[in-house]
Structure formats: C-alpha cells, structure tokens
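In case you want the letters, here they are:
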Amino acid sequence: MDQENMSKYDKLTTNAVGRIVPQVFNGKDAVPFLGVGKFKPTGRKHGPPIVSVADYPEDGNKIVPSLKDALIRAGIADGMTISTHHHFRNGDLVGNQIFDAAAELGIKNLTWMPSASFDCHSPMIKYLENGVIHHIEGSMNGALGRFTSEGKMAGLGVLRSHGGRYQAIQDGDVHIDIAVIAAPTADCFGNATGDRGPAACGLLGFALADSQYADKVIVVTDNLVPFPCVPWQIQGNYVDFVVLMDKVGIPEKIISGTTEITKSPDRLLLAEMTAQFCQETGIVHDGFSFQAGAGGTALSIGIYFAEMLRRQGMKARFARGGSNKYLVKMLEDGLVDYILDGQTFDLDGVRSMRENPNHLNTSPFTSYNYHGKGNFAQFVDVVILGATEVDVNFNANVVTHSDGYLLHGIGGWMNCLLSKCVILPIPLFRDRMPVIRDEVTTICGPGELIDVIVTERGIAINPLRTDLIDKMKGSSLPIKTIHQLKAEAEKICGKPQKPRLTDEVVAVIKWVDGTVIDSVFRIDK
Amino acid sequence: MEFLTDKLALVGNKGKGIRSDCHVTMELAESGGIQVELISKVESMYGDDIRKLIFGIIAYYGLQNVRVLVEDTGALSPVLAARMEAAIRLLTSSGKEYLIPMLTENGYETTRDRNRFSRLYLPGNTPSLMINAGIHKPGGIILDLEDAVAPAKKYEARFIVRNALRNMDFYGAERMVRINQVPAGLADLVFLVPHNVNLLLIPKCESAEQIRLVNEKISQLKAEYKVSSPIWLMPIIESALGVLKSLEIAQSENVVAMAIGLEDYTADLGTRRTQEGTESFFARSMVVNACKAAGIQAIDSVFSDIADMEALKETVIRSKALGFDGMGCIHPRQIRVIHEYYAPDAAEIEKAKKIVNAFIEATAKGLGVVSLGTKMIDPPVVKRAQKLIDLAVSMGKLSADWRNEFLEA
C-alpha cells in the first residue's frame, strides 16, 4: 500500500454520539459508531495463508541467528504492519529492536500495532519522524501520545481496546504481516509461555490473535528450553521463526506500575465508598464476580471486598484480572474460586498463574472480543474502572486529558463497559482539574453503559439505573445527581475553559465493534 | 523571567511532590510596568482566571512597576491569592488585607461541650492537604501554624490559614488553629479571630497568665472586628512545669478542653516515649484530673505510627480507660479508629438505656426520684446517660427508635 501518498483521513461525518469522525483513514474505509450493539458485521473471518509442513524444518528447529535475520526471512518490506504485545509493560526490550533492524534495512512506512505502548517505547519517535514508522495502531501513551496530539505522526493514530484489537485482527480490519512475540520461555519449535523464565510476565494472551492471524510469526526469547515448552500458551504450530537473545525484558519493570494499594486517604475513602455501595445494592453476594483495574484505588476496593466476604462467610465465584498479590491472596484464602486472568501485575500473580490450577490464563478472545459468540466481560457482576473525565450524560473518557492531550491507551476498559454494572471511582477534581465536564474531550464509553460515578463528595447513579437508585434510597452514602457533583467541583475549582483544539483529526477511537466512536484533535499550540 | 535586584519575595512551595500550590517570585521596580509570567499546570483550563486574579491583586495594592513569576501546580484561588498577598506585603510592608469571600457554609459556631474525639492536624503552609480534610469527618481540623511550619515559612502560612478559614469548606468539623507559642503567637490572632475560627490551641502552655494574654487579645480583636461567636481555647501541656500548673490552666476562661503533647514532654523529662507509656503515666493522669476538676474535656497526645491501626486501637482503649475524651490525629485514616474506640461501648450503652428508661418511667408516673432496682439515680447521672445515648444514636451505634426496641425486648 502506498501510505505516503494517501490523505491522512477523509469524509468526516457525525456519528451516533454526535462526534465528528472520518469514514476513511490510512487508506481504509471505516464505519462511524452507530450505537451500542447496532453494527452487524457480515462476511467471514480473515485468515492467514495456508502453509505446508514440507516448507518448515523437519526437526522442528526454527531457530534463526538474529531478530534482523528473522525479519528478513519473514519478508519485511515497506508499508507492512508489524505487531507486538505489551506483557512486558515498561520493561520491554524487544519492540524498539524490531524498528532498529527495520531502519538498518532501509524499510519505510511501517505500521506498528502494539497491544499497548509504554514510556520505554519513546525511542520510536525517531522512527515516526524519519518515516520508518508511518503510524501506530494500538495505544499512544505518554511521549507518543504527545507526539500524536501535536499532529506530528504521518498517518492517523488508531486506538483500540484489547477486545477491539482481537476483533480488528480477526475481522481483517488490520492485516498483520509480521507478528513479533517476545516470550519469557520458549522452545525451538516456537511453543512459548509467559509463566516462567527471567522475564516471566505470567501469560501471553495479548499475542494470541497475532499468532493466529499474522502472515509470519517470530517468537523471541531469552530462555530457550528443550522441546516441549509447557504450558504452550503460544502454540509453536503458528510460529515461523524463533530467535534467542540475551535479554527480552527488564524484570523489575515488567512487574511494575500501580500494584500497591493506595496510601492516599482520599483514594481509600473512594474505595471504601465504592465497596459500601456494592454491599448496599447487593452486588456483593455469595457467588458474585468482579473485575477491578490495576490502579491503587481499584486494588483497595478488592481488599474491602475481601473483608466483606470474609465477614459474611461468602465467596466470589470468579474475579477477572489483572492479577496481583491481593487477588492471589483472595484465591488462596478461599474468598474467590477462580481468577480469570488477562495479565499478571506482580510476582505473586506470576507464581499463582504457574502453580494454581484455579488461576486461569485468558485472552482478549475469551474475555473481550465483541465479534464472538459471547465473552466473559459481559457477565461480570461489577467492574471498577478509572477515567480521566466524565460528562453530565455519563459519557467517559480514558485516553485524553482535559487539556486535550492524548496520554493513555484504552486497554480492556471499553470491553469491561459491557458488564452488568460499571462503577467509576474518581476524585471530583485532581489538583484543580474537575473530572465532571459538560462534555468529555473524547468519548471512549457511551453514557448508557456507565452506571455509577463515585467521588469523595458524593455518588451519582445513572438515571437509567432506576433499580440501583431504588436500592440506595435511605442509604447513609451521599447519593447526588451528576449535575450536583459538577456544580460542587466548579464551586471549589472555578468553571474551566475548554481546551484549545484545532479541527484537524490526529487519531481515532474505535469502539469494541470496530466502528469509530470519536476523534482526537490536534492541539493548538 | 529575569529579576534585576536581590530584593525578592519568595513565597509558597514548588518542586517535586508539590501539588495544588503555587510559588511566587516577586520584585518591585522603578520602571517597566507590570510584568507577569505564569507557568501553570492548569493553564488550558484556568489560565485566564489565574491571570485575572494576579492582575487584580496587583491593582488592589496599587503597584505600578512589579515583576512576578507564578509557578502553579493547580492552586485554588484562595491559595493563589494568599501567596500573592504575602509576597506583596513582604515587599511593601502594607498592612492592607486582600480578603476573598467567606463561604457561608463556614459560618457555624461550636458549643463548649461538643464531642471532641478526634482533631486532625494539618500543616498550615500545605494547602493541598486542606482541601479534602473535611470529607474524612474528623471532629475538628487544626490548621497548624506552630511546629508543622518551618520558621522561614511562618509569615506566609498565616495567609494560607486565614484564606482557608474563609474559603475552604470544613464540612462541619470544628475549625481550629494551633497558634505559635505565647507571646509570639499573639501576633497570629489577627489572621484568625475575624475569620470565624472556633477554637485555638495554645502550645507549650505553662501558666494561666499565657491564657489570660490570649483571651485579652481575642477580646480586643473581637471588639475591633465585631465578632460575636465564641472562640474556645485548648491549651496543650508539653512540659513538666505545664503538668504541675495544669489545674490553673484548665480553670482559665474559655478553656473547653486541654491536651497533652508527649513528644515535647518526654524530651523535657529527658526520657523517651514508649508504647506502654509508663514515662508519661503521671503527666497524663495529672492532666486528666485537672480537666475533670475544671469540668472540661481531657485530650490525649497524637499517635504517630500512621500505618499501625492495631496499636492505635490499643492506645485509644488505654487512653479512654485513663479518662481521656479524645485524641489528636495526624492522618485521616486514624479518625475512624479513634471514633470507634472513644465512642460508648456496648456495656456503656446498655447501662445508659436502663437509666434513661427508668427516668422516663419515673417522670411519667410523676415521681421525683429515679431509681433503678434498689439504687437511687442522681440527676447528673441521668443527664450523662442521656448524652451518651444521643452520642450513640448520632454515631449509628444505636437506633433512634431504641426505646421501643428496649421495651419490646
């Protein structure tokens, strides 16, 4: 595809949530968001080419000398799409090396499709500037987000949820030419696992679609074991080449991030109010299920849930992870029967995943894919999520800040909105920045799916959830309307100005079904 | 921005970990007009508002030639205004006040015998901690001008504390300020008395004379600023001399509670503070006895390990057993434990229910004497039992409908 000469985007239209979105970008057509559950896909799934065992080594040994060599053998060429996973989080040492090699080979206009990006990927900016990378489809965090927001990326950024990424690959919205799967442990055949090895990260679920649908698959490891590598979280039958290198990840940065419960009294109060809300509404009951994100507040809510269950002699049937030591303790204390884990956040999570048969390895296919025959996220009783902004119609933003800058990816956030009850515990303002706005800068979640906003100064229940409103009548918790909360914040902080944005689109946000729910606009510097 | 002289006013906080605050660098000049540079974390949301406030304050003081650099990490208007005012008054020696609006929510008074289980200490020059303090529902919030403020920051802290008293919602907590040690602390009062402070803590108190000086200054300021609401006092005993003088201090005018501060006290004794508290047993008992003799509340020292809730609980249980009515806290997480264990326990509530019930029945029968079983009950006992019942109901430890439940049982 001639990425260089096509226009960045075209055919702007207004979608079902009133946002202006392009219907053509990066040379492909897209459907504007039609409403939750309104877009009905047709056709058949995408598929990788049929291959023959006759063309692969008879002894099953697919080891090649280097990553660069593997990329050459995989036929790397201008305009291709290369995918990576983010199980190593900020400790990833492989992603940058792919594009170092591509640059050395003089390759241009690649599309990078990570399942998420981190600060450690900031060196990619030089490849975005010199044309090795044309654009990113995945997430643009921190410096990459800033770069995108300032309109410096050649193509249009595309942000997807974890489930949306599986959907896009499965449906052929994105065709992956080469998938590079960094693996903590692998064998020469390409079987790979994340639950052991120096760079152990628990599991490799984010790379599942890449292994299944890419034309060529390269497994990169620093811990080669004799066949068979078990468990084979990634099956060698999908793999073309195996590369052994010194070090694929920095362990202390893999197991990092917000994995400690918060010490902030304000956040603890939020967690406590959220847990009490779940108790009073009967959401916490024997056999219930929950998912809490990795933030300090969310972790604390898990601790309050554990206390409630213990006190009342109950247990949860399953918890969806991000797992961490607190969730593992619940499993080991018999307060939850199963952890259905999408990524492990600490060493206890990794150990439990390796040793406990009730700690299960899941993927965006099982948990999140919207173009499937159901997914796990739909029937979780309650999910606790964060947001950068919420508006008076309960629409929520998780990618841009109130100054308009793109700074975060979507993760599984959007997919979790389909669960039975979505609660966002968020401070009413951060420093001086109010969280509840007239209109969010970017819609990532339509208000109809967001049920409860918990702030330290009051709890707002979506008027659509009359059942929850009824249950909380007479509660000692401060139940208010979202307008009351907004007014309270503005009384303290003042009424904020709108961010200064241009009308130039720099990135699009894909809904879980592949339709475009919103655009990110260039900052007016 | 470049500054031309070394006569700079440097006010506020900046640097790593500083939030919801601002730092002002200011100098006066002979010429050049008004030059303002603003570097703000919230520029895109509040840049215009902040500039308007800065220029407004400069105009209020009639400055013609001034250079100002404001580095802002999301300070609320009362904080920005306090920093600007402090800088200008440092440079000009002006006594003129720039007063931001008084929140109507902050207009309440407190009563002499209000429950004072917990009081949360907040450093007087750290506005980020003040904004949400009230939502944790401490009995009182203390804005501390004394030990929690570095000597070089004492001046500017008074402006922050005054503006917090005026414009930050205390959500019903008793509005307290710890002034500096008397006599220096008397100069703090003009920043507090006109702004509806409910209670003043007098640190390192060693004589009734110090309390008299504070009362005298308060009376003078109340008359000058036409303040009618009461301003209560809570002296803090922090030395051997203070312990021995505790009765005369407790009996002083407007004193409603007296606290003990053990860090300084143990230093004064030349000993160390221990978990068991043997070294302070005498002092604590002395303070409790002085308080009870004077008919005021006895308040215990703070517990400094904010991570150890179990040890805090033990300390509160022992403290209550000694006769204390409450204690200080240095972290919002301590509030709940303190309330829980100073509050009436089940046995106390049971006993109070019987007494109050007996009183109600006796009154209904027109009896002048209340008795429970074979025991006569004096009116003060009934009164105390009724107060305990009210408290238990207000804390959710007892149903408001307790009497019907009691009669049915």
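Residues numbered from 1 in each chain as written. Chains lettered and ligands numbered in written order. Predicted model: local features only at pLDDT ≥ 70, side-chain atom pairs only at ≥ 80, totals over all residues.

**Considerations on the overall build of chain A**
For step 1, the next point in the chain: Secondary structure assignment for chain A yields 15 helices and 29 strands.
For step 2, the next point in the chain: For 525 residues, the compact-globule estimate of 2.2 N^0.38 gives 24 Å, and the C-alpha radius of gyration of chain A, at 23 Å, lies within 12% of that figure.
For step 3, the next point in the chain: Expressed as lengths along the three principal axes of its C-alpha atoms, the size of chain A is roughly 70 × 55 × 40 Å.
For step 4, the next point in the chain: By the burial criterion, 58% of the 525 residues in chain A qualify as buried.
For step 5, the next point in the chain: In chain A, the share of contacts with a sequence separation of at least 24, taken over all contacts with a separation of at least 6, comes to 72%. (Helix = DSSP H or I, 4+ residues; strand = E, 2+ residues; numbered from the N terminus. Rg over C-alpha atoms; globule rule 2.2 N^0.38 Å. Buried ≥ 20, exposed ≤ 12 C-beta atoms within 10 Å, placed from the backbone. Contact = placed C-beta atoms within 7 Å.)

**Some remarks on the overall build of chain B**
For step 1, the next point in the chain: Along chain B, the regular secondary structure elements total 14 helices and 14 strands.
For step 2, the next point in the chain: Along the first, second and third principal axes, the C-alpha atoms of chain B reach 90 × 50 × 45 Å.
For step 3, the next point in the chain: Here chain B holds 409 residues, and 45% of them are scored as buried.
For step 4, the next point in the chain: Long-range pairs, those at least 24 residues apart, make up 71% of the contacts in chain B with a sequence separation of at least 6.

**Focus: helix α10 (residues 309–322) of chain B**
All names here are of chain B.
For step 1, the next point in the chain: Its 14 residues give α10 an end-to-end C-alpha distance of 20 Å, which sits within 8% of 20 Å, the value for a rise of 1.5 Å per residue.
For step 2, the next point in the chain: If you check which residues of α10 are buried, you get Leu312, Thr315, Val316 and Ser319. Each buried residue of α10 lies within a common arc of 100 degrees when the element is viewed along its axis, so the set occupies one face. Exposed residues on α10 whose side chains face more than 90 degrees from its buried face are Glu310 and Ala321.
For step 3, the next point in the chain: Of the surrounding elements, those touching the buried residues of α10 are β11 (297–300), β12 (326–329) and α11 (333–342).
For step 4, the next point in the chain: Phi for Gly323, located one or two positions after α10, is positive at around 115 degrees. (Expected span 1.5 Å × (residues − 1). Arc of directions from axis to C-beta.)

**Section: the nonpolar core**
For soluble globular proteins, the rule of thumb is that nonpolar side chains tend to be buried together.
For step 1, the next point in the chain: Residues Ile181 and Ile218 of chain A together with Met258 of chain B are the most contacted members of the largest nonpolar core, which totals 264 residues.
For step 2, the next point in the chain: The residues contacting Ile181 of chain A, other than those within four sequence positions of it, are His85, Ala192, Leu204, Ala207, Asp210, Ser211, Val217, Ile218, Val219, Val220 and Ile234 of chain A.
For step 3, the next point in the chain: If you look at the next biggest cluster of nonpolar residues, it comprises eleven residues, including Ile355, Phe359, Val370 and Ala392 of chain B. (Core = buried A, V, L, I, M, F, W, Y, C linked by C-beta atoms within 7 Å.)

**Side note on the sheet that holds strand β1 (residues 9–12) of chain B**
Residue and element names in this part refer to chain B.
For step 1, the next point in the chain: Spatially, the four strands line up as an open sheet ordered β1-β2-β4-β3, and their pairing is mixed. Of all the strands in the sheet, the pair left with one neighbour each is β1 and β3 (34–40). Here the strands of the sheet are splayed against their neighbours by 10 degrees on average, with no regard to which way each runs.
For step 2, the next point in the chain: Set on the sheet, helix α1 (residues 43–60) makes contact with β3 and β4 (66–72); between it and β3 the angle comes to about 150 degrees. (Pairing = 2+ DSSP bridges. Axes fitted to C-alpha atoms, helices over the stretch in contact; angles between N-to-C directions.)

**Quick notes on helix α5 (residues 162–171) of chain A**
For step 1, the next point in the chain: Burial of α5 of chain A is extensive: nine of the ten residues sit out of reach of the surface.
For step 2, the next point in the chain: In this fold, the buried residues of α5 of chain A make contact with α6 (208–213), α12 (364–367), α13 (413–416) and β28 (501–510) of chain A.

**Observations regarding the domain arrangement of chain A**
Residue and element names in this part refer to chain A.
For step 1, the next point in the chain: Each domain of chain A was delimited in the assignment, giving domain 1 (62–255) and domain 2 (265–501).
For step 2, the next point in the chain: Using only C-alpha atoms to locate each centre, domain 1 and domain 2 end up separated by 29 Å.
For step 3, the next point in the chain: The partner domain 2 presents 33 residues to the 34 residues of domain 1 that form the contact.
For step 4, the next point in the chain: Counting residues per element, the ones that place at least two in the side of domain 1 that touches domain 2 are α4 (142–149), α5 and α6.
For step 5, the next point in the chain: Residue contributions to the side of domain 1 that touches domain 2 peak at eight residues, all from α5.
For step 6, the next point in the chain: Partitioning the side of domain 1 that touches domain 2 into residue classes produces eleven nonpolar, 17 polar and six charged. (Domains from an automatic or database assignment. Nonpolar A, V, L, I, M, F, W, Y, C, P; charged D, E, K, R; others polar.)

**What about the domain arrangement of chain B?**
For step 1, the next point in the chain: By the assigned domains, chain B splits into domain 1 (9–92), domain 2 (105–342) and domain 3 (346–408).
For step 2, the next point in the chain: The straight-line distance from the C-alpha centre of domain 1 of chain B to that of domain 3 of chain B is 59 Å.

**A look at the interface of chain A and chain B**
For step 1, the next point in the chain: Opposite the 18 residues of chain A that make contact, chain B presents 20 residues.
For step 2, the next point in the chain: Every element with two or more residues in the side of chain A that touches chain B is listed here: α8 (265–280) and α15 (482–493) of chain A.
For step 3, the next point in the chain: Top contributing element to the side of chain A that touches chain B by residue count: α8 of chain A, with four residues.
For step 4, the next point in the chain: Split into classes, the residues belonging to the side of chain A that touches chain B amount to eight nonpolar, three polar and seven charged.

**As for the packing of helix α10 (residues 325–332) of chain A against helix α11 (residues 347–355) of chain A**
All names here are of chain A.
For step 1, the next point in the chain: Remark: α10 packs on α11, axes separated minimally by 7 Å, with the N-to-C direction vectors making an angle of 40 degrees. The orientation of α10 with respect to α11, classified from their angle, is oblique. Crossing angle aside, the handedness with which α10 passes α11 is left-handed. Counted together, Lys325, Val328 and Leu331 of α10 and Asp348, Gly349 and Ser352 of α11 form the full contact between these two elements.
For step 2, the next point in the chain: Looking at the contact of α10 with α11 residue by residue, the class counts come to two nonpolar, two polar and two charged. (Parallel < 35°, antiparallel > 145°, perpendicular 65-115°, else oblique. Left-handed = near helix turned anticlockwise from the far one by under 90°.)

**Examining the environment of Ala319 of chain A**
Residue and element names in this part refer to chain A.
For step 1, the next point in the chain: Summarising the element assignment, Ala319 is placed in strand β15 (residues 316–320).
For step 2, the next point in the chain: Taking the C-alpha atoms as reference points, Ala319 and Ile443, 124 residues apart in sequence, are found 27 Å from one another.
For step 3, the next point in the chain: Not counting residues within four places of it along the chain, the set of residues in contact with Ala319 comprises Ser289, Phe290, Gln291, Leu327, Met330, Val336 and Ile339.

**Notes on the sheet that holds strand β3 (residues 28–29) of chain A**
For step 1, the next point in the chain: The three strands are arranged β1-β2-β3 (chain A) in an open sheet whose pairing can be described as antiparallel. Here the strands that pair on one side only, and so sit at the sheet edges, are β1 (9–14) and β3 of chain A.

**What about unusual backbone geometry?**
For step 1, the next point in the chain: Between Val230 of chain A and the following residue, Pro231 of chain A, the backbone shows a cis peptide bond with an omega angle of -10 degrees.
For step 2, the next point in the chain: Following the sequence through the fold, Pro231 of chain A ends up in the loop between β12 (216–221) and β13 (241–244).
For step 3, the next point in the chain: Cis geometry is found at the peptide bond from Val182 of chain B to Pro183 of chain B, where omega equals 10 degrees.
For step 4, the next point in the chain: Located in the positive-phi region is Tyr171 of chain B, a residue other than glycine, with phi close to 50 degrees.
For step 5, the next point in the chain: Along the chain, the position of Tyr171 of chain B falls in the loop between α4 (154–167) and β7 (174–178).

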